[in-house]
Structures are given as structure tokens and as C-alpha cells.
Amino acid sequence: MEQYQLYIGGQWVEAQSGERSESINPYTNEAWASVPVGAEADIDLAVQAARRAFDEGPWSKMSNSERGRLLIRLAHLIENNIERLAQIETRDNGKLIRETTAHLKSLVDYYIYFGGMADKIHGDVIPLNKTSVLNYTLREPIGVVGAITPWNSPLLLTTWKAAPALAAGNVMVIKPSSTTPCSILEFAKLVEEAGFPPGVFNVVTGPGSRIGNYLVQHPGVDKISFTGGTDTGRSLASLAGKHIKRITLELGGKSPNIVFEDANLDNAVMGVMAGIYAACGQTCSAGSRLLLQRSIYDEFLNKLAERSRQIKLGDPSDWHTEVGPLANRSQLEKVAYYVDIAKQEGAEVLLGGKRPEAAELQQGLFYEPTILTNVTNDMRVAREEIFGPVLSVIPFETEDEAIRIANDSDFGLVAGVWTNHISRGHRMAHAIRSGTVWVNTFRNANYASPFGGYKASGYGRENGLEVLKDYTQVKSVWVETEEKMRDPFVVG
Ligand SMILES: NC(=O)C1=CN([C@@H]2O[C@H](COP(=O)(O)OP(=O)(O)OC[C@H]3O[C@@H](n4cnc5c(N)ncnc54)[C@H](O)[C@@H]3O)[C@@H](O)[C@H]2O)C=CC1
Ligand SMILES: CN(C=O)/C=C(\CC(=O)O)C(=O)O
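A brief structural summary. (Residues numbered from 1 in each chain as written. Chains lettered and ligands numbered in written order. Predicted model: local features only at pLDDT ≥ 70, side-chain atom pairs only at ≥ 80, totals over all residues. Heavy atoms only, no water.)

### Considering the site of ligand 2
Around ligand 2, the structure places His103, Asn152, Ser153, Leu156, Leu157, Trp160, Thr283, Cys284, Ser285, Arg443 and Phe451. The contact in question runs from an oxygen atom of ligand 2 to an N or O atom on the backbone of Cys284, over 2.9 Å. Residue Ser285 places a side-chain N or O atom 3.1 Å away from an oxygen atom belonging to ligand 2. Notes on ligand 2: free accessible area 340 Å², of which the protein chains cover 96%. Broken down by element, the residue count for the shell around ligand 2 peaks at three residues, all from helix α6 (residues 154-167). (Near = heavy atom within 4 Å. Polar contact = N/O pair within 3.5 Å; in protein donor to acceptor, adjacent residues only side chain to side chain. Areas by Shrake-Rupley, 256 points an atom, 1.4 Å probe, with all protein chains shown as cover. Helix = DSSP H or I, 4+ residues; strand = E, 2+ residues; numbered from the N terminus.)

### Focus: the site of ligand 1
Residues in contact with ligand 1 amount to 26 residues; listed here are only the nearest, Thr149, Trp151, Lys175, Gly229 and Glu385. Contact distances for ligand 1 include 2.7 Å between an oxygen atom and a side-chain N or O atom of Lys334. Compared with its free state, where it exposes 800 Å², ligand 1 has 84% of that area covered by protein. Put simply, the parts of the chain that give the shell around ligand 1 at least two residues each are α8 (208-217), β11 (223-227), α9 (230-242) and α12 (329-344). By residue number, the principal contributor to the shell around ligand 1 is α8, which donates four residues. In terms of residue class, the shell around ligand 1 is made up of nine nonpolar, 13 polar and four charged. Mapping the shell around ligand 1 onto the domain boundaries places at least three of its residues in each of domain 1 (2-251 + 457-477) and domain 2 (256-439). (Nonpolar A, V, L, I, M, F, W, Y, C, P; charged D, E, K, R; others polar. Domains from an automatic or database assignment.)

See the structure below:
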């Protein structure tokens with residue numbers, strides 16, 4: 001059994017309570033690691049360490065270039081540990097080794113990109129119509145960032161916060177999901193090895209409803225960055241509001257994948273599968289509503305169902321596996337619950353809709369790739385995030401109807417559009433109310449391209465230059481060169 005500790009102030013420590021819990025491998029359904037159960041006292045220690053690091057430690061005295069070099073050194077350490085970290089995340093989360101490895105390779109690029117950005121974050125000199133005054137702006141770090149991260153892609157989604165936050169000069173207290181803490185704790189070992197000063201990067205594991213809440217309300221925390229469910233995001237936003245605390249929210253989705261009759265149907269089949277079966281559907285970017293033009297409805301569904309039946313479920317650490325287990329038992333139960341609701345609402349199960357029967361899949365938290373038909377957009381299964389391999393198929397006749405259905409959602413995270421009519425692709429991209437639209441592709445992400453939601457999918461952006469707005473604050477400096485102060489009773 002692997003043993004982990006909290007990483008606070010550059011030290012590896014037990015939780016103040018001494019309490020520990022086990023992390024479960026969702027493929028074997030067995031405990032494989034033991035981690036501390038942090039509580040409020042541990043958050044206090046981590047925030048104090050982060051505050052000290054930001055307010056008076058060597059980090060605050062470093063040049064931007066020195067901070068950038070640390071991030072680039074971290075990138076190279078990740079590069080030397082890709083296989084080990086990928087195996088740990090696959091063991092902790094059940095994500096395919098082919099995807100955790102791809103994620104880890106991309107993390108190298110993230111830390112190089114933001115390491116290179118660290119000494120290019122600056123303000124402006126403002127040209128005024130007053131010659132006696134010099135006015136310039138500074139773009140400064142916000143301070144202590146509390147990052148609350150989810151279980152579906154722990155290292156990737158923690159990096160989406162840590163790389164820009166550290167590049168901008170902030171310090172961090174990370175609260176990973178209590179169901180998948182291990183890869184983040186392993187990652188903290190590389191942060192330590194890279195030479196980040198004590199207190200710059202702290203990890204406290206434990207129940208989000210207890211210590212995540214506490215972190216949001218902590219007076220020593222200046223900003224919260226959250227990725228997770230919309231319900232949790234909603235309660236955190238209201239908590240942050242009470243404390244006038246900045247918060248960015250990367251929340252859920254119920255995203256449309258829209259296939260027109262003029263699409264390359266074979267590519268669209270792969271794109272729909274990427275949207276709903278990758279990561280076993282456990283991604284905010286899941287294309288969980290297939291909007292299918294009626295003229296190709298039967299032809300496309302037959303192609304999709306035939307390929308879906310061939311999907312290889314199995315051991316996520318096997319490179320040939322295409323869909324692994326769900327990440328935790330409550331997620332498996334949630335998926336099964338929504339399929340039951342769908343049936344009660346009149347949906348029909350074209351494929352899957354149950355746990356697999358194969359003997360070798362009984363131990364793990366598996367659910368069959370599922371296609372639901374006879375779905376209308378007002379059904380719960382078309383309106384609520386399931387976060388599993390469950391596709392709801394909704395037909396449409398015209399482009400306008402497709403736009404109406406796509407936008408008829410509380411969410412607005414991503415959308416896919418499949419058409420060989422390029423002007424239609426652009427029209428759809430402009431008409432759909434979501435933070436990302438993919439045309440003839442699906443589930444692309446990159447360190448240089450901003451990602452985030454419209455509507456109930458959250459606010460703020462991660463990645464790209466855009467993310468700096470969420471990890472810096474602007475100060476305006478005025479310097480008067482006139483000897484004599486002007487009229488004190490009139491604004492300058
Ligand atoms: N948009 C996304 O990337 C994700 C969406 N989800 C959605 O959320 C649903 C619930 O999954 P959960 O694991 O419960 O996600 P969650 O949103 O509750 O958990 C995400 C993170 O928030 C923390 N957390 C939970 N409750 C909290 C609270 N009251 N205060 C502060 N932190 C809190 C958790 O410990 C975890 O670190 C999923 O079924 C899925 O629909 C879940 C994970 C990621
Ligand atoms: C952005 N995201 C939210 O859950 C998750 C990702 C990136 C993606 O799917 O595009 C992931 O889990 O890989």
C-alpha cells in the first residue's frame with residue numbers, strides 16, 4: 001500500500017488529526033494507497049505557509065525570469081517522470097494509460113509555455129492629455145490561490161490552474177478531489193525537486209465539503225479557482241461572494257454534438273465517440289447530446305452503433321483498452337440512475353444501458369457505452385450532466401432548429417459541428433452560445449487556447465493569454481511632476 005503525506009510549507013506531514021483514508025483503484029475496486037484526511041487545521045497551516053511565501057519569502061523577491069525558469073525546470077522533471085505519473089493517475093482514477101500518458105506529455109508543454117510567459121506579464125504606460133502627470137499600470141499577482149480540483153483529470157486540470165497562477169507570481173494551496181489525490185501528491189514531489197521555495201505550492205487532501213468550503217472562506221486566501229460540478233460551483237460562488245473573493249469556475253456541460261447531412265459521416269462517428277466515450281464520458285467537454293439531422297438519422301445511428309459495439313472495455317493500464325471503468329462508485333451509481341430516469345421518461349436504449357456481463361469486467365466500476373433514442377430536449381437526460389458514457393440522440397430538420405435545440409440548455413461549455421459546408425460551420429460557431437465550438441473535430445485542448453464556459457458552465461478562462469486576467473490584478477500608478485498641487489476641490 002503506497003503511503004502519502006500532505007505537502008505543506010515545503011514539508012511532508014501527516015494531517016493534524018492523524019486520520020488517513022484509502023484510495024481505491026476503480027479497475028480492481030481495491031485500496032492501493034493511503035492518504036491523510038486533512039481538516040481545517042491543515043488548511044490553516046497551508047494558508048499560513050503560502051501567505052509567508054507570498055508576503056516575505058524568497059518567491060516574492062524572485063524576478064519573473066527566475067520564476068519562469070523554475071516552471072521550465074518543473075517541465076523537464078515532468079518529462080522525465082511521464083510513465084510513472086501516468087501509471088499513478090491511471091491507478092487512482094481509472095483513466096486510460098493512453099490518455100494519462102498523452103496528458104502528461106502535454107503538461108510539459110504547459111509548464112514551458114507558462115514558464116516562458118512569466119517575464120512577459122506587464123502593465124502599460126497610459127498616454128494622458130495631461131503632460132505633467134505620468135500614469136502607468138502594473139499587472140500584479142493576486143496572492144494566495146486556493147485551487148479546488150476534480151477527479152476526472154487531476155494532473156491536467158490542476159496544471160490548468162497551477163502553471164498560469166505560478167507564472168503570474170501567485171502561490172497555491174491545492175485541494176484535490178478526495179477520490180483521486182495521489183497523482184497530485186506525486187506531482188508535488190517534482191515541485192519540491194524543482195526548487196520552488198517552501199510554501200509556494202501546498203497540497204491538502206480531504207473532503208471537499210469540509211476543507212474545500214473552509215478554504216474558500218479562509219481570510220488568508222485571495223482567490224479561488226474551481227473545477228467541478230455546477231452544483232458545487234454554485235455554492236462556492238455564493239460563499240466567495242460573501243467574502244468578496246475572486247473565483248473562477250470551470251463547471252459542467254450538456255454539450256451538443258451536431259451532425260448535418262453534408263458531413264463526412266465516418267469522421268463524425270469518430271467525433272461523436274470522442275465526445276461521449278473518451279474518458280468514459282467523464283469530462284466537462286462531453287458531447288452528451290447528439291443532434292442528428294433527420295435525413296441521415298438511421299444511416300448515421302447504424303454506423304455509430306456498429307462501431308460502439310466494438311469498443312474494448314477493460315484494464316485502463318492496457319494500451320489496447322478503449323473505455324475503462326468509471327472513476328468512483330458514486331459516479332457509476334449516478335450513470336445507472338440517469339439511464340433509469342431516461343427509460344421512465346420514454347427514452348429507448350439502442351445500445352448498452354447496463355453494466356457489462358463479461359466475467360472479467362465484474363470487479364471494476366464498468367458501464368457499457370450507451371445510446372439513448374426517442375429523447376426530447378426537455379427530458380432530464382438531455383438537460384442534466386451525467387458525466388458518463390451515455391449519449392442522448394435528438395433529431396432535427398433544419399439548421400435553425402439545430403441552433404435552437406443546441407442553445408436550449410442551462411449549460412454552454414462546448415459544441416461540435418459536423419458539416420462539409422464551411423460557411424455553415426462558421427454560422428453555427430457564431431450562433432451557438434458556448435465557450436468553445438469545434439467544427440469537424442471534437443475535444444481539442446491546448447495550452448495556448450482559452451477554455452471556459454458560458455451560462456451555468458461557469459466563468460473565467462483557463463489556458464492561453466486570456467487566463468492571465470484571472471491570476472493578476474491591475475494597479476494604476478500616477479506620478480505628478482508639477483511642483484504645486486492643483487485645486488483640491490476638483491477631480492484631476
Ligand atoms: N466540470 C468538471 O470538470 C467536473 C464535473 N463534475 C460533475 O460534478 C458531479 C459530482 O462530482 P463530484 O466529484 O462530487 O464533483 P465536485 O464538483 O463535488 O468535486 C470537485 C471538487 O470539489 C470539491 N468539493 C466538493 N464539494 C465541495 C464543497 N461543498 N466545497 C468545496 N469543495 C467541494 C471536491 O472535493 C473536489 O475536489 C459529477 O457527477 C459531474 O457531473 C465532476 C468533476 C469534474
Ligand atoms: C476540461 N475538462 C473538464 O473536465 C476536462 C478535460 C479536457 C477535455 O476533456 O477537453 C479532460 O478531462 O481531458
